[in-house]
Amino acid sequence: MTRILTPALLVLVLPLIIGIALGSGKPPLMFLGVLVIGGLGALAVAICSPQWPFLALAFVLGAAPFAVVPGLPLPIVLILVLMIWVSTLLHPVELGRTDPIELALYALIGTSLLSVIATAVGFSDYTEFVKWLLATSVVFPLMRLPRSDLQRFGRVFVYGVGLGAAFALAMFFLDKSGAWMNYLSPIGYGTVGTIGTHLRFYSDGLTQVVRLTGTYVDPNVAGIFTFVGLALALALLRGWPRLMFSAVLGGALVVTLSRSALFSVVVAVLVYLAFQRLRTDARFGILAGGIALAAGALTVPAVGDRILNSFGSDDKGTTDRAAALADYPAAMSGHWLFGKGWGIAEFTDEVAGYNANYVANSPLVSIYRGGILVGIAFLLVLVAGAVVAHRNARRSPWESGVTGAAFVGFAIVALQLDFPVVTHAPVTMVFVVLLVFVAADRIVPERDETLVRTEQVAHG
């Protein structure tokens, strides 16, 4: 594990050291020098050791997805994607066949490009599109990693999310004010950084309950990351690491109080039980265990109130969502073909987005931003993912269907109740990572795959 995490930790820690050493009051020329030296170093790493950018991206995306280069508003994860592309272009890869999910993503990228060309009125339109494109494009080099390298990428991502979730849980219990985030100010977090603490609260009418955020900034985003991390932990880890990371990520997911993530887990479990080939006793064991865990979570007052009061007439989120849906046709008038644009204030300014109250639904936000063709292409991605997920669910061992069930649950619930997958590049990227592991039947560890083939031969 040390050999795997060392390069990822270096990519996260070295910018921290540089940022602390220089401080925010130094001349811009010093930042330019650091950027040039760092860029050359990153290029050298991508050329000489092509696996390091992949592992660094996995770790940073999981642990601190919104971190920026010290002193500069450049997301570290997007720079790592550029390094991955440099590595991919300089080192030969096995092309193989094109997956249906990739074809659907080609359609999504093509229609999105048409949309931004048709609607762009300023520089922000192009920057928002480029950030989204970089986040989405990582699917293509990931799809072509050898099986062992892809599994390693997934495990390092789980380690990163586990660290981020552990930090968020510690902050939730020991630092509800969010002051700990200021220690991460060199990479943009905290009240003295560019990202801010962004603490969120759930109010039951009498009291306010802090929701888990940590390095994920928003509790609903934290719900997405812990959801994907939990799915990959169950699918890729074994033994005590699986138990430990699953417990941490599951606990963090509950503390986010993200209804979209919590209901996605419920639907994912039901989908898994419906389609995965399991013995009857195993099926009932999973169902009983799930019911017991859900009942235990509901006994926590904040969790019970959050879930049981959902979608009622006195729930503000429900009323805001209903109002946004009612206003949606009028808001889209004259913009159905190519959308309202990629760099509009709703997507670049948090206050403007809150005041606009555009509908919290990923397919509808895709149409809102890019038009009906983009919306159709986005739905094609979801359909392709569901088809591939169903194919994997019919295979042994049981781990082969975990990510597929997670994807279906996420598509049915989370994407219908929230929109960060569309509007935030790091969240887009974690969605793409989930898609990659849905598409790759290489998710099954080699030793398990060998065992399955042996059993198939033994049974004729």
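Everything numeric here is computed off the predicted structure, so don't read it as measured data.

About the thresholds
Residues numbered from 1 in each chain as written. Predicted model: local features only at pLDDT ≥ 70, side-chain atom pairs only at ≥ 80, totals over all residues. Heavy atoms only, no water. 1 Å grid on protein atoms, 1.4 Å probe; cavity = no way out; pocket = protein on both sides within 12 Å on 5 of 7 lines; lining within 4 Å. Points joined across faces, edges and corners; volume = space filled by probe spheres on them. Helix = DSSP H or I, 4+ residues; strand = E, 2+ residues; numbered from the N terminus. Nonpolar A, V, L, I, M, F, W, Y, C, P; charged D, E, K, R; others polar. Core = buried A, V, L, I, M, F, W, Y, C linked by side-chain atoms within 4.5 Å. Buried < 20%, exposed > 50% of the residue type's maximum accessible area, 1.4 Å probe, protein only. Contact = heavy atoms within 4.5 Å. Axes fitted to C-alpha atoms, helices over the stretch in contact; angles between N-to-C directions. Parallel < 35°, antiparallel > 145°, perpendicular 65-115°, else oblique.

**Digging into empty space enclosed by the protein**
Inference 1: Under the criterion given, the structure shown has four cavities of 30 Å³ or more.
Inference 2: Here the largest cavity is characterised by a volume of approximately 130 Å³.
Inference 3: What lines the largest cavity is a set of 16 residues, and nearest its centre among them are Leu108, Trp132, Phe378, Val421 and Thr428.
Inference 4: Going through the elements one at a time, α5 (100-119), α6 (123-137), α17 (362-370), α18 (372-393), α20 (420-423) and α21 (425-439) are the ones with two or more residues in the lining of the largest cavity.
Inference 5: Looking at the lining of the largest cavity element by element, the count peaks at four residues for α21.
Inference 6: Residue composition of the lining of the largest cavity, grouped by class: 11 nonpolar, four polar and one charged.

**Structural notes on the layout of surface pockets**
Inference 1: Computed from the structure, the second largest pocket encloses a volume of approximately 1,600 Å³.
Inference 2: In this structure, the second largest pocket is lined by 46 residues; those nearest its centre are Leu230, Val265, Val269, Gly290 and Leu293.
Inference 3: No other element matches helix α12 (residues 280-298), which puts 11 residues into the lining of the second largest pocket.
Inference 4: Here the lining of the second largest pocket is built from residues that sort into 38 nonpolar, six polar and two charged.

**Brief notes about the nonpolar core**
Inference 1: In terms of nonpolar packing, the biggest core is built from 116 residues, with Leu57, Ile101, Phe157, Tyr189 and Met429 touching the most fellow members.
Inference 2: The biggest single contributor to this core is α21, with 13 residues.
Inference 3: By size, the runner-up hydrophobic cluster in this structure holds 13 residues, among which are Tyr328, Met332, Tyr358 and Val365.

**Description of the side chain of Ser362**
Inference 1: Its location among the elements puts Ser362 in helix α17.
Inference 2: With relative accessibility at 1%, the residue Ser362 sits in the buried group.
Inference 3: Contact partners of Ser362, with chain neighbours within four places excluded, come to Phe378, Leu415, Asp418, Phe419, Val421 and Val422.

**Quick word on the packing of α5 against α18**
Inference 1: Where α5 contacts α18, the axes come no closer than 8 Å and their chain directions differ by 170°. In terms of their interaxial angle, α5 and α18 are classed as roughly antiparallel. Facing Pro100, Ile101, Ala104, Leu105, Ala107, Leu108, Thr111, Ser112 and Ser115 of α5, the residues of α18 in contact are Leu373, Val374, Ala377, Phe378, Leu380, Val381, Ala384, Gly385 and Val388.
Inference 2: Residues belonging to the contact of α5 with α18 are distributed by class as follows: 14 nonpolar, four polar and no charged.

**Some points on the environment of Gly160**
Inference 1: Its location among the elements puts Gly160 in helix α8 (residues 147-174).
Inference 2: Those residues in contact with Gly160 that lie beyond four places of it in its chain are Phe59, Gly62, Ala63 and Tyr216.

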